[in-house]
Amino acid sequence: MWRATVLTIFPEMFPGPLGLSLAGKALVAGVWSLDALDIRAHATDRRNTVDDTPAGGGPGLVMKADVLARAIDAAASDSRPRLLMSPRGTPLTQARVAALAKGDGVVVVCGRYEGIDERVIAARQLEEVSIGDYVLSGGEIAALALIDACVRLLPGVMGKQASGAEESFADGLLEYPQYTRPAVFEGQPIPEVLTSGDHAKVRAWRQAEAERLTRERRPDLWAAYEARRKIAPKPPKP
Ligand code: ADE
């Protein structure tokens, strides 16, 4: 079973959305497991303090190294990767998600406040992971996103639905546009090629659209795609 262990000061945020839909069904079916553990249970003072003022001064509070280290030691004695959700981490990619989904699971530490004491990161070999260049109030929503991305790849969770989106992204391209009935929506018809029944033409149209969207929206992905496929860049419009 693929195991997710989450360390947080808000365990009630879990499973949250992961308890619904396909991830929720797979959780009930025992395809994966989730333990959301309260860091605060490892505080030792009467007030259950998990944070303190930053050394050197400044605003906000810092999560204490000793409390977090005890929480990690109590939760994670196995060889699963230990991730710390943080906007300063390595950006999460589909390739990393796929690698995590192939393993035994993850231990995810959710930061809060201004951050966590730097010393516990090295002492407990935490790998900092970001889900994007924006700042959330804490790592919990980032942890939910990471676990969701992994769980949908576990065998039997998505069935055939996963494959389309996966192939497209693995290819390094964004997904082509999709349509379904009605044939005309507010005056807009479905592109004719998609109802032509010509499968080769449909494939070519989808490939061209995926390339167009990637070129327009994600110059970074497009450059990498071109480098891989050795496609000559399109000449700029006059
Ligand atoms: N915690 C706060 N912001 C985050 C982000 N962008 N990614 C991961 N963890 C976070």
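Residues numbered from 1 in each chain as written. Predicted model: local features only at pLDDT ≥ 70, side-chain atom pairs only at ≥ 80, totals over all residues. Heavy atoms only, no water.

(A) Inspection of the pattern of salt bridges at higher detail. Taken as a whole, this structure holds eleven salt bridges when the rule is applied. For R80, the salt bridge identified is with D78, shortest N-O distance 2.6 Å. Under the relative-accessibility criterion, R80 is labelled buried at 5%. Accessibility expressed as a relative area gives 30% for D78, which makes it partly exposed. (Salt bridge = Lys/Arg side-chain N within 4 Å of Asp/Glu carboxyl O. Buried < 20%, exposed > 50% of the residue type's maximum accessible area, 1.4 Å probe, protein only.)

(B) Quick peek at the site of the ligand. Close to the ligand lie M85, S86, P87, V129, S130, I131, G132, Y134, V135, L136, G138 and A142. Measuring from a nitrogen atom of the ligand, one finds a backbone N or O atom of I131 at 3.0 Å. Taking G132, its main chain carries an N or O atom lying 3.0 Å from a nitrogen atom of the ligand. For the ligand, whose accessible area on its own is 260 Å², the fraction buried by protein is 97%. Listing elements by their share of the shell around the ligand, those giving two or more residues are β5 (82–91) and β8 (127–130). For the shell around the ligand, the element with the most residues is β5, which contributes three residues. (Near = heavy atom within 4 Å. Polar contact = N/O pair within 3.5 Å; in protein donor to acceptor, adjacent residues only side chain to side chain. Areas by Shrake-Rupley, 256 points an atom, 1.4 Å probe, with all protein chains shown as cover. Helix = DSSP H or I, 4+ residues; strand = E, 2+ residues; numbered from the N terminus.)

(C) Spatial organisation of the side chain of E209. Structurally, the position occupied by E209 is in helix α7 (residues 199–217). A polar contact of 2.8 Å, which involves the side chain of E209, links it to the side chain of R212. Here E209 is in contact with Y176 and P177, once residues within four sequence places are set aside. (Contact = heavy atoms within 4.5 Å.)

(D) Structural view of unusual backbone geometry. Geometrically, the link from F14 to P15 is a cis peptide bond, its omega value of 0 degrees lying close to zero. Mapped onto the elements, P15 comes out in the loop between β1 (2–8) and α1 (21–29). With an omega dihedral of 5 degrees, the bond running from R181 to P182 counts as a cis peptide bond. For P182, the location among the structural elements is in the loop between α6 (161–170) and β9 (184–185). Located in the positive-phi region is E186, a residue other than glycine, with phi close to 45 degrees. A residue is classified by how much of its surface remains accessible, and E186, at 70% relative accessible area, is exposed.

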